[in-house]
Amino acid sequence: MAIKKPSLPKGTRDFGPLQMARRNYIFDIIKDTFKLFGFQQLETPAMENLSTLTGKYGDEGDQLLFKILNSGDYLKDVSPQDLESGAVATLSKVSEKGLRYDLTVPFARYVVMNRNEVTYPFKRYQIQPVWRADRPQRGRYREFYQCDADVVGTDSLVCELEILLMIKRVFSKLGLKDYSIKLNNRKVLAGLAEVIGVPGRESELCVAIDKLDKIGWGKVQEELVSRGFDPKDIEKLQPIIDLKGSNQEKLSFLKDFLSSSEVGIKGIEELQSVLDLLASYGSDETYVDFDVVLARGLSYYTGAIFEVKVNKVSIGSVSGGGRYDNLTGVFGLEGVSGVGFSFGVDRIYDVLEELDLFPKDQLEGTKVLVTYFDEEGVSYGLRVLAALRNSGVESELYPDLAKIKKQFTYADKKQIPYVIVLGSEEINSNKVSLKDLKTGEQTTLSIEEAIQAVKS
RNA sequence: GUGGUUGUAGCUCAGCUGGUUAGAGCGCUGGUUUGUGGAUCCAGAGGUCGCCGGUUCGAACCCGGUCUUCCACCCCA
């Protein structure tokens, strides 16, 4: 019997104790922020009915969905003709469930199913893993966590404001100082398409323009031409590509540039309102960057769109989101507007690691290790252990009777700061020897004194 | 999904144009010290060279397939 070495599925990872400590550090800051802003937690199942998921993310998205094979004889409904007509035709007969691809669609499904129970505006946050059958790369995994906060049931731009504020708070708590929150509005992009004479084709326009900082204006023009855009129309975009300056300067330029487009002007007004709200709140436009060429692929966005990039690191965007006027429409509930965004914890982790921004003392666990020499020490040690724990000191007793050196090595490896040593001297005098492993100082104290010393 | 790349000890990596028993550093275990860790010194354990097949007298090295890693495209957190 050959024993196979165990391995993980492509694009998935284990998280060891150190990694978990660091991940929880990030999770806690995000969770804290969501709660501070009045969001309530929601969890949904890892798997959804395939019919809930398909068709929401475009053709590309459908390909990236993980499908779950039906239980039992999953071939029982499949005919030879099905197999001949290919994978797509067979799929619905062998699989009716899939792993969630993001948190927004399950949220929309939840809202629709509970439309009469939820109070609007409904502010919820959700922190759960999602799965995508993508090719893994740096900062791109097949299983990763998203931390979503969305509001549905209101058109108020205060929601957009709050998203900016939450991003600022989280990044400031994480110690990130060099980043930018790119902000744009789908209506502005629609306006651009109108103004250059290709109304309704902003989606195509976006996909190409979005690559501007990556491949440059020249290549973007080539791509637009190959997508069937007229070079004369493309040329009209030149002033947009060259656009520089403060948010206000860019806005006032576009107000003029888009003056013939009703929807474009609406977009500019919305952006202006959000920035005004930011000022009213007492915050400012630091880190906020109105970026006319920010497009983002997701087709359901209709208003504001956000994306956060940390500068000078090799990771893509760490957060993104936007407003979608009719997300629940596909599930039969019309007229519910929503806006939301998501933090990518796994990418934030990679960024913090690359910038060495994790706090140094993360592996905080046990504070005191109780060590001893013989059986007599075990029973005395358990008494000491109970006293420590009753006083709220994280502590443990070395479970095996072992050489004191081995017990010390254990403490050292686990970065336990204090060791209590119990030998016949300590037991007879009803005391403990407390050693500070950092300084090497050791003193003999009563149990109570030792607890006080450790706590201070 | 398309193209490329990587895989040798727990970790980071050597290994000359295919040639006998595959090496180093770190880590690990034990000892120096049978009441004291992190330093030094000494000793030791540990490898189906990702997996399967092929070429060859002979393969870690060449060829094919497969899995994995990372990268570009696509897309995205």
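All values reported here derive from a predicted model rather than from experimental measurement.

Procedures and definitions
- Throughout, a residue's number is its position along its own chain's written sequence, starting from 1.
- Whichever chain is written first is A, and whichever ligand is written first is 1; the rest continue in order.
- Local features in this predicted model are restricted to residues whose pLDDT is 70 or higher, and side-chain atom pairs enter the listing and the counts only when it is 80 or higher, whereas totals over whole chains, interfaces and linings include all residues.
- Heavy atoms from the whole structure form the basis of all side-chain values; hydrogens and water molecules are not counted.
- Only heavy atoms are used to decide nearness, and a residue is near a molecule or strand if one of them lies within 4 Å of it.
- We define a polar contact as two N or O atoms separated by no more than 3.5 Å, with the added condition that, inside protein, one atom must be a possible hydrogen donor and the other a possible acceptor, whereas residues neighbouring each other in sequence contribute only through side-chain atom pairs.
- For the purposes of this entry, the term helix denotes a DSSP run of H or I that reaches at least four residues, the term strand denotes a run of E that reaches at least two, and both are numbered from the N terminus.
- Residues were grouped as follows: Ala, Val, Leu, Ile, Met, Phe, Trp, Tyr, Cys and Pro as nonpolar; Asp, Glu, Lys and Arg as charged; and all remaining residues, including Gly, as polar.
- Each domain's limits were defined by an automated method or a database of domain assignments.
- Salt bridges are defined as contacts in which a side-chain nitrogen from Lys or Arg sits within 4 Å of a carboxyl oxygen from Asp or Glu.
- The cut-offs for exposure are 20% and 50% of the maximum accessible area for each residue type, with area from a 1.4 Å probe on protein chains only; residues under the lower value are buried, those over the upper are exposed, and the others partly exposed.
- Two strands pair if DSSP finds at least two bridges between them.

## Thoughts on the protein's contact with RNA strand B
And then number 1: Near RNA strand B there are 42 residues, and of these Arg138, Arg140, Lys403, Leu437 and Gln442 occur at the shortest range.
And then number 2: Close to the protein, within 4 Å, the atoms of RNA strand B are drawn from sugar and phosphate at a rate of 50%.
And then number 3: Between a phosphate oxygen of RNA strand B and a side-chain N or O atom of Lys10, the distance comes to 3.5 Å.
And then number 4: Lys413 has a polar side-chain atom sitting 3.1 Å from a phosphate oxygen of RNA strand B.
And then number 5: When residues of the surface near RNA strand B are traced back to their parent elements, those giving at least two are β6 (143-152), α17 (404-413) and α18 (424-428).
And then number 6: Counting residues per element, the surface near RNA strand B draws most heavily on α17, which supplies six residues.
And then number 7: Its residues assigned to classes, the surface near RNA strand B comprises ten nonpolar, 13 polar and 19 charged.

## Some remarks on the domain arrangement of chain A
Interfaces are often described in size by the accessible area the parts lose on coming together.
And then number 1: Structurally, chain A comprises domain 1 (17-354) and domain 2 (368-455).
And then number 2: Spacing between the C-alpha centres of domain 1 and domain 2 amounts to 53 Å.

## Digging into the pattern of salt bridges
And then number 1: Taken as a whole and assessed by the stated rule, the structure comprises 21 salt bridges.
And then number 2: Between Arg124 and Asp148 there is a salt bridge whose closest N-O contact spans 3.6 Å. Residue Arg124 is located in strand β5 (residues 122-131), and its partner Asp148 is located in strand β6; the two are separated by 24 residues in the primary sequence.
And then number 3: Classification of Asp148 as buried rests on a relative accessible area of 2%.
And then number 4: For Asp233, the salt bridge is made with Lys236, and the minimal N-O distance between the two is 3.3 Å.
And then number 5: The exposure class of Lys236 is partly exposed, given its relative accessible area of 40%.
And then number 6: Residues joined in a network through salt bridges with shared partners are Arg13, Arg23 and Asp346.

## Re the pairing of strand β11 (residues 338-344)
And then number 1: Here β11 lies mainly inside the structure; seven of its seven residues are buried.
And then number 2: Burial along β11 is two-sided: Gly338, Gly340, Ser342 and Gly344 and Val339, Phe341 and Phe343, pointing in opposite directions, are all buried.
And then number 3: Two elements, β6 and β11, share seven bridges in a ladder whose sense is antiparallel. From the neighbouring strand, Gln146 faces β11, where its bridge partner is Gly344.
And then number 4: Bridge count between strand β10 (residues 319-324) and β11: six bridges; the pairing is antiparallel. Bridge pairing links Ser319 to Phe343 in β11.

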